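Survey of secondary and tertiary structure
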Amino acid sequence: MHRALFALPVLAALTACTGVGDKDGRPSKDSVVTEGPLTTLRGSILSNQSGRVLVPIELTGDEVSFMVTAKTDDTYISLEAILDENGDEVVNWKDWLNSKSTQSLTSAFYIYGYDSVVNWPVRSEDRSLSAGTWTARFTTVDEDYRYVEDVFVDYTVQTKTDHDLESGVVKVRLVWAEGLDTRNDLQEAVAGALVRWSEIWAAAGLTVEFTEVSSDLDPELNVDSVAPFPNDAVDYGGADDDVTLVIGETINDVRGLYGQSGGLPGTLVSTANAAVYVSWLTNAGRDGEFEEFEVLLLGETMAHEVGHYLGLFHPVEASYDYYDALDDTVECTSYSKCESQLGENLMFPYPLCSFTDCEPQGNLTVDQRAVMNLYTGAL
Amino acid sequence: MRLPDMLTLSLLLLSFACGGRKSEPVDAPATPDGAPTLPVEGQPGPTINPTESQAAVHKALSVRDPEPDCADVSALTPEPVADLIFVANHADQPPWASTRAARCLALGHGEAAKAELIAWMGDPSAKGLALMLLAELDQLPEPLAMELAQAALAGPLADEARPRIAKVENANVRALAL
Ligand SMILES: [Zn+2]
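Residues numbered from 1 in each chain as written. Chains lettered and ligands numbered in written order. Predicted model: local features only at pLDDT ≥ 70, side-chain atom pairs only at ≥ 80, totals over all residues. Heavy atoms only, no water.

1. Regarding the overall build of chain B
For chain B, the helix and strand inventory stands at ten helices and zero strands. Along chain B, helices (α) and strands (β) appear in the sequence α-α-α-α-α-α-α-α-α-α when read from the amino end. Here chain B, with 178 residues, has 46% of them falling under the buried criterion. Summarising the internal contacts of chain B: among those between residues at least 6 apart in sequence, 59% fall at separations of at least 24. (Helix = DSSP H or I, 4+ residues; strand = E, 2+ residues; numbered from the N terminus. Buried < 20%, exposed > 50% of the residue type's maximum accessible area, 1.4 Å probe, protein only. Contact = heavy atoms within 4.5 Å.)

Below you can see the structure in the form of structure tokens.
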């Protein structure tokens, strides 16, 4: 953990270039900023003739993880592969999205928006980083999944050199939709929820540092994977090292795929999907008032949703036939087995509840903790 | 941080964690066909005995994310209207089960459940359900949306309903709030 370094952010280097990547798909670097253990490099590039985007990741050998965020204006983009300094593939989407696959590693492989985010390594068992220039290879495609060339792509490469993977700080920026920040009942409920969330994540060695932001966002949140909302449209003071959590009244989610988390993992920089969304109303139950047990569940929901954002999948989906890619979360095949073996896990897809009681659900396995600590924003 | 008195809250929550969240099981008399045992005045809280299909609907609606599809939930039971109403009215936990049940009722079974939906709009103890339905007015057939909005504006939730109805896209419904 390098908390002290955050107090003294250091602008290590700033370079500026003009133009964008050239027609051969060569990148243009725009800026490099280092703050403590986190370095953020921004650049741009055009997709090449085969619809590929090769984002360079320059590593000194001191980094423990990187995150690449690539976004376009209006073209779907997804990760195809990561290559090491020798050009050898470290991971390829075909190994994870095929007819035999029953595990999820990263949402970066999915074609669902105009941005794609990958954090590497995902797991402690994944290939660790080595010095040299690695490459994240993305593809730009149209609605019919045909490759598209000459697409302008903004990319951000973030690396962290925090070698302490047992503990860290995750900065979370709470954005209140308009008018909600003045409601004492919601303030108290969220404050209690943050305590429960912090307690759960403490088991992973992670401290959550919260800041709050008021906004003019409509409390009836419309969430769309390809709409520039809300972070692209309005700057609510986000930095390149924090996770955004938007609290609204209701969520009209047309993303479908992930529910409330903007990605698995989600990005630290601004994109259409750079936020986690929580509806206070659905968490307040039939009477719309927060009881104590609902505050606890709200905390677990926040810890769960932002857990997705840090890269955690459900250990088993509610269909009981699809799993995360971690060794220490069992691959159960029926609801009764899954509930008994994984029901207390934070990332189980639903809390175990009768109509009147829920079991506490905050456990994290060793492998899950490793994923969280390898997230580039866990510093 | 404007978060109030974190210490008090953390102590409160710690007491939860130590004391356990589950209440003691209540011995309930057997009820025919798993029908719910309704609360009796002067007795400890209600014991809910959902039927198999009600339990299935409840479990499906309990999933945190992604939100289950209402048609899929309705397909779990031969009596979707009755079972969704039951979950909306009796499922305290998780809190999103009841609000989602109300939403599924309105979107998929609005006419059949209309009496119940209208009752919620005027019931402060169902404020969460009412606010959820107000957020869906633009997704509902106009006659049903009008009736729900009118019921909300005529009852004790009028103050909370009015600004929400004033935001809907349907001009006829929106006019009710003016
Ligand atoms: Zn989830």
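2. Description of the sheet that holds strand β11 (residues 168-176) of chain A
What holds strands together in a sheet is hydrogen bonding between their backbones, with the strands either parallel or antiparallel. Residue and element names in this part refer to chain A. Ordered by their spatial adjacency, four strands build an open sheet running β12-β11-β14-β16, and the pairing between neighbours is parallel. If you trace the sheet from one side to the other, it starts and ends with β12 (206-214) and β16 (276-279), each paired once. Sheet twist, expressed as the average angle between the axes of neighbouring strands with direction ignored, equals 25°. Contacts from helix α2 (residues 184-202) reach β11, β12 and β14 (242-248), with the element oriented near 160° to β12. (Pairing = 2+ DSSP bridges. Axes fitted to C-alpha atoms, helices over the stretch in contact; angles between N-to-C directions.)

3. Focus: the interface of chain A and chain B
Tallying the contact residues gives 64 residues for chain A and 50 residues for chain B. A buried area of about 4800 Å², summed over both sides, lies between chain A and chain B, and 58% of it is on carbon and sulfur atoms. Across the chain A-chain B interface, the total number found is five salt bridges. A salt bridge links B:Lys127 to A:Glu289; the shortest N-O distance between them is 2.6 Å. The interface formed by chain A and chain B contains 22 residue pairs in polar contact (both at pLDDT 80 or more). Looking at the side of chain A that touches chain B, the elements that each hand over two or more residues are α2, β12, α3 (292-309) and α4 (335-342) of chain A. It is α3(A) that provides the largest number of residues to the side of chain A that touches chain B, a total of eleven residues. Across the side of chain A that touches chain B, the residue classes break down as 26 nonpolar, 19 polar and 19 charged. (Buried area = accessible area lost by both parts, 1.4 Å probe. Salt bridge = Lys/Arg side-chain N within 4 Å of Asp/Glu carboxyl O. Polar contact = N/O pair within 3.5 Å; in protein donor to acceptor, adjacent residues only side chain to side chain. Nonpolar A, V, L, I, M, F, W, Y, C, P; charged D, E, K, R; others polar.)

4. Side note on the coordination of the zinc ion
Of the protein atoms, only A:His304 (NE2), A:His308 (NE2), A:His314 (NE2), B:Asp65 (OD) and B:Asp65 (OD) coordinate the zinc ion, at distances of 2.0 to 2.4 Å. You can see A:His304 and its partner A:His308 sitting in helix α3, four residues apart, about one turn around the helix. Each member of the pair, A:His304 together with A:His308, is buried. (Donors = N, O, S within 2.8 Å, 3.2 Å for Na, K, Ca; no water.)

5. Remarks on the packing of aromatic side chains
Residues and elements named next belong to chain A. For the coordinates displayed, the defined rule picks out six aromatic pairs over all chains. Put simply, the rings of Trp197, Trp201 and Phe210 touch in pairs and so form one group of aromatic residues. Over the ring of Tyr147 we find Arg52; its NZ or CZ atom is 4.3 Å from the centre of that ring. Positioned above the aromatic ring of Trp280, the side-chain terminus of Arg183 is 4.5 Å from the ring centre. (Phe/Tyr/Trp six-rings, centres within 6.5 Å; stacked < 30°, edge-to-face > 60°. Lys NZ or Arg CZ within 6 Å of the ring centre and 35° of its normal.)

6. Here we look at the packing of α2(A) against α3(A)
The relative placement of two packed helices is expressed as an angle between their axes plus a distance between the axes. Residues and elements named next belong to chain A. Closest axis-to-axis distance for the α2/α3 pair is 7 Å, and the angle between their directions is 55°. Judged by the angle between their axes, α2 and α3 are oblique. α2 and α3 meet at a crossing whose hand is right-handed. Counted together, Ala189, Val190, Gly192, Ala193, Leu194, Arg196, Trp197, Ile200 and Trp201 of α2 and Val295, Leu296, Leu298, Gly299, Glu300, Met302, Ala303, Val306 and Gly307 of α3 form the full contact between these two elements. (Parallel < 35°, antiparallel > 145°, perpendicular 65-115°, else oblique. Left-handed = near helix turned anticlockwise from the far one by under 90°.)

7. Notes on the nonpolar core
Among the nonpolar cores identified, the biggest contains 101 residues, and A:Trp197, A:Trp201, A:Met302, B:Leu61, B:Trp120, B:Leu137 and B:Ile165 are the most heavily contacted of them. When neighbours within four sequence positions are excluded, B:Ile165 is seen to be in contact with B:Leu134, B:Leu137, B:Ala149, B:Leu153, B:Val173, B:Arg174 and B:Ala177. Core analysis: the next-biggest nonpolar cluster, separate from the first, contains 33 residues, A:Ile45, A:Phe66, A:Trp120 and A:Ala325 among them. (Core = buried A, V, L, I, M, F, W, Y, C linked by side-chain atoms within 4.5 Å.)

8. Description of the pattern of salt bridges
Residue and element names in this part refer to chain A. Applying the stated criterion across every chain, the model contains 26 salt bridges over all chains. The closest approach of N and O atoms between Asp240 and Arg42, which form a salt bridge, is 2.8 Å. With Asp240 in the loop between β13 (220-223) and β14 and Arg42 in strand β2 (residues 38-46), this pair connects stretches of sequence that are 198 residues apart. Residue Arg42 is classed as partly exposed on the basis of its relative accessible area of 29%. Through salt bridges with shared partners, a single ionic network connects Arg52, Glu80, Glu89 and Arg137.

9. Notes on the domain arrangement of chain B
Where the parts come together, the accessible area they lose is often given as the size of the interface. All names here are of chain B. We note that the domain assignment places domain 1 (48-109) and domain 2 (113-178) within chain B. Relative to domain 2, the C-alpha centre of domain 1 lies at a distance of 21 Å. Counting residues at the interface gives twelve residues for domain 1, matched by twelve residues for domain 2. When domain 1 packs against domain 2, close to 990 Å² is buried across both sides, 75% of that on carbon and sulfur atoms. When the buried surface of domain 1 facing domain 2 is broken down by residue, Thr99, Arg103 and Ala106 rank first, second and third, together holding 41% of it. In this assembly, domain 1 and domain 2 are joined by one salt bridge. Here Glu136 and Arg103 are joined by a salt bridge, their closest N and O atoms 2.7 Å apart. Between domain 1 and domain 2 we count four residue pairs in polar contact (both at pLDDT 80 or more) in total. (Domains from an automatic or database assignment.)

10. Concerning the state of the cysteines
Residues and elements named next belong to chain A. Under the defined criterion, the tally for this structure stands at three disulfides over all chains. Two residues share a disulfide in this structure: Cys332 and Cys338, whose sulfurs sit 2.1 Å from each other. Judged by the torsion about the S-S bond (115°), the Cys332/Cys338 disulfide is right-handed. The disulfide partner of Cys353 is Cys358, and the gap between their sulfur atoms is 2.0 Å. Handedness here is read from the sign of the S-S torsion; for Cys353 and Cys358, about 100°, the answer is right-handed. Residue Cys353 is classed as buried on the basis of its relative accessible area, which comes to 19%. A residue is classified by how much of its surface remains accessible, and Cys358, at 0% relative accessible area, is buried. Once the bonded cysteines of chain A are numbered in order along the sequence, the disulfide links fall as 1-2, 3-4. (Disulfide = S-S within 2.5 Å.)

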